[in-house]
Amino acid sequence: MTTDQRPKTLSRYWLLLGVVALAVAGLYSLTLVIGRAPVLSNNPEIQRIFKDALVVHVDLSVLVWFLAIACLFWSMATAHARSILPLEQGALTCFALTILFMMLSPFDPKAEALMSNYIPVISSPIFLMALGFLLCGVGFMLVKIFTSSLAGFDGPVRFGILSAGWITLISIACFLWSYRLMPQVFEGVQYFEMLFWGGGHVLQLVHVQIVMLCWLLVAQALFHIFQIPPRHLYILFAIGLLSACAAPVAYLLYDLESAPFRQFFTSLMIAANGVAPTVLALWILPGLLSLRSLRHGDKRALWSALLMSILLFLYGNILGAYIHGQNVLIPAHYHGSIVGITIGFMAFAYVMLPRFGYREVTGWRMAYWQPILYGAGQVMHVSGLAYSGGYGVLRKTAGGVDALAPNIKIALGFMGLGGLLAIIGGLLFVVVVYRSIRR
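Below, the structure is looked at part by part. (Residues numbered from 1 in each chain as written. Predicted model: local features only at pLDDT ≥ 70, side-chain atom pairs only at ≥ 80, totals over all residues. Heavy atoms only, no water.)

**As for the packing of aromatic side chains**
Here's step 1: Tallied over the entire structure, the rule returns 21 aromatic pairs.
Here's step 2: Pairing Trp 65 with Phe 429 gives two aromatic rings, centres 6.1 Å apart and planes at 70°, and the pair type is edge-to-face. Taken together, the residues Trp 65 in helix H2 (residues 44-77) and Phe 429 in helix H13 (residues 406-438) connect sequence positions 364 residues apart.
Here's step 3: Take Trp 65: its relative accessible area is 0%, and that puts it in the buried class.
Here's step 4: Take Phe 429: its relative accessible area is 0%, and that puts it in the buried class. (Phe/Tyr/Trp six-rings, centres within 6.5 Å; stacked < 30°, edge-to-face > 60°. Helix = DSSP H or I, 4+ residues; strand = E, 2+ residues; numbered from the N terminus. Buried < 20%, exposed > 50% of the residue type's maximum accessible area, 1.4 Å probe, protein only.)

If you want it as structure tokens, here you go:
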């Protein structure tokens, strides 16, 4: 293998690992759809495995998949940098082990699902080893990006990639700071809730930085006339970085277990994760709608994916404004936002496949309909959650629907059908990528 081929090969593995994580998460999500569907939800066996499946689904589809795409950007930015140590090879190995160990963790007979926010946990040594491998993998890539010269990107895109790395580093520092300040009296789900609260919120800023990069690059690939003044893009990416830099203030001013500490990060995420991506989305959306003829061209998959990504993200943000208390309106909000990010990453994957030497897919009918089916299914799923959330249906639980009013049961059934369509749409993405690679 020549030197020029080797960086490309390493970069493409991040995309492939991310797709594998997303595929496994999709299989585990079948249990979640069944667990909240009327009639089937009271099955004792379904209730038993519901939370284990939820943990694996969330961590693979949000944590591993999202960070794999971030590592893809860092890999491409440092593709031709020479390193004495095989940092990226080690990071890829760590991510592969993370996926494997997370898949196996529910089979530990002593495992217990702990539904902490942002990073739910299975109390099993296998799962904790998976998180350890993930931390090492991300750490290796951060060392590489901060010790190498960046090439292939310039201007605001380069700043966005670097800022995502710095925010990730701040997130890891928050995790370690929380661990250092953790009171000895806490254990179980409360322990992990406090451990991951600060860093988990900061980590969301990383995902937003990366999806804005994806939207920008996909829009430029879709219609070359698209242009935003660079100074405006610098400002949008700087919002997330400056917000992350404010995170240490909470540790200096408040106790880890205090309500002001929790509210600080909640407010920080609302401000930072809402403003910058919404502005960029509203900048891109009119161009997409005015160029509807692109949905019949050889880049139609990019058009449908970018449109669905922006619409789902905005829908999730709107739902977030109506959250009160602990109910399924909360997952309705973050499902909308997270799925918007996921579809944005899918669109970027479609752009990158031919650049990694695989077959072009953006003109395929299946690739065009895949984000539409996935997005429409998630709109149904999110809407069903949001409607039932307005009536106080609790989140992170299966069963308990027999006593609900008929309209709530219909909403949950609508949600289940949407979830099934979304699963099919997600698996179609895996099929499209597989067919591109196979040929």
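Still more to cover.
**A short note on helix H6 (residues 188-222)**
Three- or four-residue spacings in an α-helix give side chains the same orientation, since the helix completes a turn every 3.6 residues.
Here's step 1: In this model, H6 (35 residues) spans 48 Å end to end at C-alpha, consistent with the 51 Å of a helix rising 1.5 Å per residue.
Here's step 2: Of all 35 residues in H6, 31 are buried; the element is thus mostly enclosed. (Expected span 1.5 Å × (residues − 1).)

**Some thoughts on the nonpolar core**
Here's step 1: Membership of the largest hydrophobic core comes to 146 residues, with the highest contact counts inside it found for Phe 73, Trp 74, Phe 95 and Ile 210.
Here's step 2: Sorting elements by how many residues they give to this core places H6 first, with 23 residues. (Core = buried A, V, L, I, M, F, W, Y, C linked by side-chain atoms within 4.5 Å.)

**Remarks on the side chain of Gln 209**
Here's step 1: Within the element layout of this structure, Gln 209 appears in helix H6.
Here's step 2: Overall, Gln 209 belongs to the buried group, its relative accessible area being 1%.
Here's step 3: A distance of 2.8 Å separates a polar atom in the side chain of Gln 209 from a polar atom in the side chain of Ser 163.
Here's step 4: Other than its neighbours up to four places away in sequence, Gln 209 contacts Ser 163, Ala 164, Ile 167, Leu 236, Phe 237, Gly 240 and Leu 241. (Polar contact = N/O pair within 3.5 Å; in protein donor to acceptor, adjacent residues only side chain to side chain. Contact = heavy atoms within 4.5 Å.)

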